[in-house]
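Overview (structure and organization)
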Amino acid sequence: MSQILVLGSGLGGLSCGIQLARMGHQVTVLEQSPQAGGCLQSFYRHGHRWETGMHFVGSYEEGQVLHPMLQDYDLHLPLVPLDAGGYEQIHLEGQSFAYAKGDAFVDVLAQHFPQERDNLWRYLQLVRKIMHISSIHHETNLAEQLHTMQEYQSRSVDSILESMIGDATLRQVLVGNLPLYAGRKGQTPFATHAFITEFYNASAARIAGGSQIIAEQLIQQLEQLGGKVLTRQHVTEIHCNHSQATGVTTAKGAHFPADCIVSTLHPQALLSLLPDTPLLRPAYKRRIAALPNTVGCFTLYLAFRPESLPYLNANQYVYHTSPWDCEDYTTDDWPRGFLYMHQCEQPHQQWATTAEVIAYVRYEEMQPWEDSFVGHRGSSYEMWKAARTEQLLAALERQFPGTRACISRIYSSSPLTYRDYTGTVGGSLYGIARDISLGAAGRVATRTRIPNLFLAGQNVNSHGILGTLVGTHLAVSEIKRSWD
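Note that the structure is predicted; figures quoted are calculated from it, not measured.

Structural notes on the packing of helix H1 (residues 11-22) against helix H9 (residues 212-224)
The N-to-C vectors of H1 and H9 enclose an angle of 25 degrees; their axes lie 9 Å apart at closest approach. Judged by the angle between their axes, H1 and H9 are roughly parallel. Where H1 crosses over H9, the handedness of that crossing is left-handed. Contacts from Leu11, Leu14, Gly17, Ile18, Ala21 and Arg22 of H1 reach H9 at Ile214, Ala215, Leu218, Ile219, Gln221 and Leu222. Classifying every residue of the contact of H1 with H9 by side-chain character gives 9 nonpolar, 2 polar and 1 charged.

In structure tokens:
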């Protein structure tokens with residue numbers, strides 16, 4: 001039986017822990033925060049609940065890609081389907097456009113763009129093809145399938161849409177879900193867009209009571225397998241000898257020996273924990289340190305007066321001009337766009353209880369308070385947050401008049417909040433950005449040059465529940481191979 005340490009108790013860490021514990025290993029998950037779960041966790045204020053990261057899931061129905069994964073991890077989730085006629089609502093140029101579930105996606109959008117019906121079908125078929133030939137469905141890809149994936153990993157979202165869709169407004173509508181992956185024009189691979197779009201188009205649902213339910217069920221399973229989840233364990237150093245990692249030390253001075261370490265930390269954060277070991281080449285460190293990260297965000301957490309605001313069973317994306325380049329805002333035109341979501345507490349919900357409003361904010365705005373920590377950032381930071389709160393509330397009220405009068409409480413978070421609670425570098429929404437210009441150099445491998453140190457989590461594959469669980473599969477497969 002090997003002693004395995006898993007760094008981080010988010011979805012990647014907990015799922016890796018379960019898979020390795022099932023193989024008979026002794027697994028200990030170390031979490032720096034007081035609460036386990038990473039971006040699965042919810043938080044509460046005055047009896048109200050909000051999500052921290054995972055707001056809804058997709059492709060969960062029988063025969064769809066997430067369904068067997070939910071079964072494999074014995075997850076029993078109270079899923080509440082989003083509106084099949086428009087699970088996403090894109091508000092652009094004074095109009096609203098719906099993403100409808102399944103084939104109706106084409107029918108609904110074709111009502112606005114009848115001349116583009118055939119192009120919409122071709123687009124949807126391509127999106128489905130890319131999802132189908134991904135490694136999730138095929139352990140080994142045929143040469144033709146692999147070539148297709150490589151093509152759409154190397155071509156940007158906007159370039160493909162320009163080649164397929166004639167109407168400029170429709171091209172904007174089709175990227176209305178950009179906040180789900182923080183896409184950048186000319187940089188983000190079309191495969192990323194296709195993967196996420198089809199994932200939710202197949203089926204989309206919120207979790208009644210929040211994604212913390214996933215963390216709770218996974219922790220229970222891990223403990224039943226003999227594993228442990230220890231919170232308030234801030235790892236400060238990973239120790240190595242001449243050939244491999246030997247364990248970790250925490251800020252409290254505790255030492256945990258290990259035969260194998262799986263890190264779900266941001267790779268750039270992980271490097272800061274490693275000594276100057278010859279096991280890692282300087283070129284590798286420089287490459288990882290130079291990888292770009294996705295933009296951060298400013299989030300409002302709203303609580304509503306009882307039975308004052310009807311519940312919206314769809315995600316609302318609002319743009320002033322275009323979904324592209326919202327991260328390139330100025331002081332005067334922020335926010336260029338935002339995502340507005342009601343939180344689900346129960347099936348057949350009629351009234352909104354809480355909601356989140358999310359808008360991009362660049363980490364450079366955080367520089368005056370970069371060395372601060374939660375609860376001790378000073379009055380200037382609070383003034384900055386108050387100003388951003390007012391701007392975002394005003395934008396919300398313009399799109400949804402009457403909402404502001406229903407609000408009873410308001411809380412907010414910044415990229416610094418995400419940085420300090422989740423450990424993501426620069427408070428980035430989704431960690432390392434996918435950029436076609438970087439090619440293979442922009443990817444993070446599961447296996448490191450330290451033979452018993454492996455990487456998992458959203459940065460080794462993709463973010464979200466599906467991308468992270470696929471990352472777990474990759475990590476565990478590599479660990480098995482290393483022991484064979």
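From this point, the narrative continues.
Quick look at the pairing of strand S16 (residues 315-319)
Burial of S16 is extensive: 5 of the 5 residues sit out of reach of the surface. Burial of S16 is two-sided: the residues Asn315, Tyr317 and Tyr319 facing one way and the residues Gln316 and Val318 facing the other way are all buried. As paired elements, strand S7 (residues 88-92) and S16 share 4 bridges and run parallel to each other. Counterpart to Ile90 in the pairing with S16 is Tyr317. In this structure, S16 lies alongside strand S17 (residues 337-342), joined through 4 bridges in antiparallel fashion. When the bridges of S17 are listed, Tyr319 appears paired with Gly337.

Things to note about the environment of Glu198
Assignment of secondary structure puts Glu198 in helix H8 (residues 190-202). Expressed as a C-alpha distance, the spacing of Glu198 and His132, which sit 66 residues apart in the sequence, is 9.6 Å. Filtering out sequence-adjacent residues up to four positions away, Glu198 remains in contact with Ser59, Leu124, Val127, Arg128 and Met131.

Thresholds applied
Residues numbered from 1 in each chain as written. Predicted model: local features only at pLDDT ≥ 70, side-chain atom pairs only at ≥ 80, totals over all residues. Heavy atoms only, no water. Axes fitted to C-alpha atoms, helices over the stretch in contact; angles between N-to-C directions. Helix = DSSP H or I, 4+ residues; strand = E, 2+ residues; numbered from the N terminus. Parallel < 35°, antiparallel > 145°, perpendicular 65-115°, else oblique. Left-handed = near helix turned anticlockwise from the far one by under 90°. Contact = heavy atoms within 4.5 Å. Nonpolar A, V, L, I, M, F, W, Y, C, P; charged D, E, K, R; others polar. Buried < 20%, exposed > 50% of the residue type's maximum accessible area, 1.4 Å probe, protein only. Pairing = 2+ DSSP bridges.

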